[in-house]
Amino acid sequence: MTPEQKYGKLAQSDIELILPLLPQLEKERQELQARIEQQPEKFSEKFLTAGFAWAHLYEIPFLQLLFNFLAVAGLDKKVVHASNQEEPIKALLDVVEEVSDMEWAGGSGGKFTPGDFLGYLHAIIGNLDCLVIYGSYLNDLIADAQRGNLEALVKAIRIDPTVATGTLARNLISFEVIAGDRGFIDEVRRAMAGKTGDQATYLKKFRFLMQLLHEVGALGLPTKELSELVFKLGAYDRRPGAGKNVSELILKAKAMKKKAISK
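These lines cover the structure that appears in this document, whether it is placed above or below.

Rules and cut-offs
Residues numbered from 1 in each chain as written. Predicted model: local features only at pLDDT ≥ 70, side-chain atom pairs only at ≥ 80, totals over all residues. Heavy atoms only, no water. Salt bridge = Lys/Arg side-chain N within 4 Å of Asp/Glu carboxyl O. Helix = DSSP H or I, 4+ residues; strand = E, 2+ residues; numbered from the N terminus. Contact = heavy atoms within 4.5 Å. Axes fitted to C-alpha atoms, helices over the stretch in contact; angles between N-to-C directions. Parallel < 35°, antiparallel > 145°, perpendicular 65-115°, else oblique. Nonpolar A, V, L, I, M, F, W, Y, C, P; charged D, E, K, R; others polar. Buried < 20%, exposed > 50% of the residue type's maximum accessible area, 1.4 Å probe, protein only. Lys, Arg positive; Asp, Glu negative; His and termini not counted. Core = buried A, V, L, I, M, F, W, Y, C linked by side-chain atoms within 4.5 Å.

**Overview of the pattern of salt bridges**
Link 1 in the chain: Applying the stated criterion to the full structure yields 5 salt bridges.
Link 2 in the chain: For Arg 239, the salt bridge identified is with Asp 237, shortest N-O distance 3.9 Å.
Link 3 in the chain: Because the salt bridges share partners, they merge into one network encompassing Arg 182, Asp 186 and Arg 189.

Take a look at the structure:
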């Protein structure tokens, strides 16, 4: 039997298991929103507690945010155990499957509130939304805004309007109000509507795959090899001219990650 091709720390079969998590997360979010719409009073009573605001969480690097969420969700020990198994990716996904059935009891040490849980969950979702739309995490956009890139802040607010309630956004918006920059204020107002355009659709899976390859140290592989993987996994439709498009997108992703590392 031919050994399975590896991409950094992952085999192709591992990646095939991970990619469906994105639509699964979308489904979970839609179901949560539907439950909230049906019983808003019950929602506000349970979740509008200390920790419910999450804008400050977008300033934390995504991996640190994820580790924190595991503690809030009470999954940190399970994940450590799964990561030591013979097939760690499969074991980790089994943990994910358990989440919907488990009874949450305050997370690790029982010290977290329902507001903490929902706040961290929404911050995780916001970061993944940002990743598949703009190719970077929200903390990267906010770091760019800190360096004076106001367009980065507008993009972040487009992903999640609560970004505007964070310390950095409040300061920058306040300054622009004093400076009389109506153009920027109008951009913020439009961004609050949350419209990100058509780019949010057909490239979601591709951008998720690029970030995954980056995280496991495989984005530096030859572009031709990565293009073949993209088509094998259905992360981009195979149609006339698609090969050239994918190659260009991969080169762009490589350049973006390299630029982010050099900052």
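**Observations regarding the environment of Leu 25**
Link 1 in the chain: Here Leu 25 lies in helix 2 (residues 21–38).
Link 2 in the chain: Taking the C-alpha atoms as reference points, Leu 25 and Ile 125, separated by 100 residues in sequence, lie 7.7 Å from one another.
Link 3 in the chain: Among residues more than four places away in sequence, those in contact with Leu 25 are Ile 125 and Leu 128.

**Some thoughts on the packing of helix 10 (residues 167–179) against helix 11 (residues 182–191)**
Link 1 in the chain: Where helix 10 contacts helix 11, the two axes come as close as 8 Å, and the packing angle between them is 140 degrees. Taken together, the axes of helix 10 and helix 11 are oblique relative to one another. Of the residues in helix 11, those in contact with Leu 172, Ile 173, Glu 176 and Val 177 of helix 10 are Phe 184, Ile 185 and Val 188.
Link 2 in the chain: Counted by class, the contact of helix 10 with helix 11 contains 6 nonpolar, no polar and 1 charged residues.

**Some details on the side chain of Glu 176**
Link 1 in the chain: By the element assignment, Glu 176 lies in helix 10.
Link 2 in the chain: Among buried charged residues, Glu 176 stands out as having no salt bridge; its nearest opposite-charge side chain is Arg 182, 11 Å away.
Link 3 in the chain: Excluding residues that lie within four positions of it along the chain, Glu 176 makes contacts with Leu 150, Asp 181, Phe 184 and Ile 185.

**A short note on the nonpolar core**
Link 1 in the chain: In this structure, Ile 15, Leu 209, Met 210, Leu 213 and Val 230 are the most contacted members of the largest nonpolar core, which totals 79 residues.
Link 2 in the chain: At 13 residues, the largest contribution of residues to this core is made by helix 7 (residues 114–134).
Link 3 in the chain: Residues contacting Ile 15, with those up to four places away along its chain left out, are Tyr 7, Leu 10, Leu 209, Leu 212, Leu 213, Leu 229 and Leu 233.

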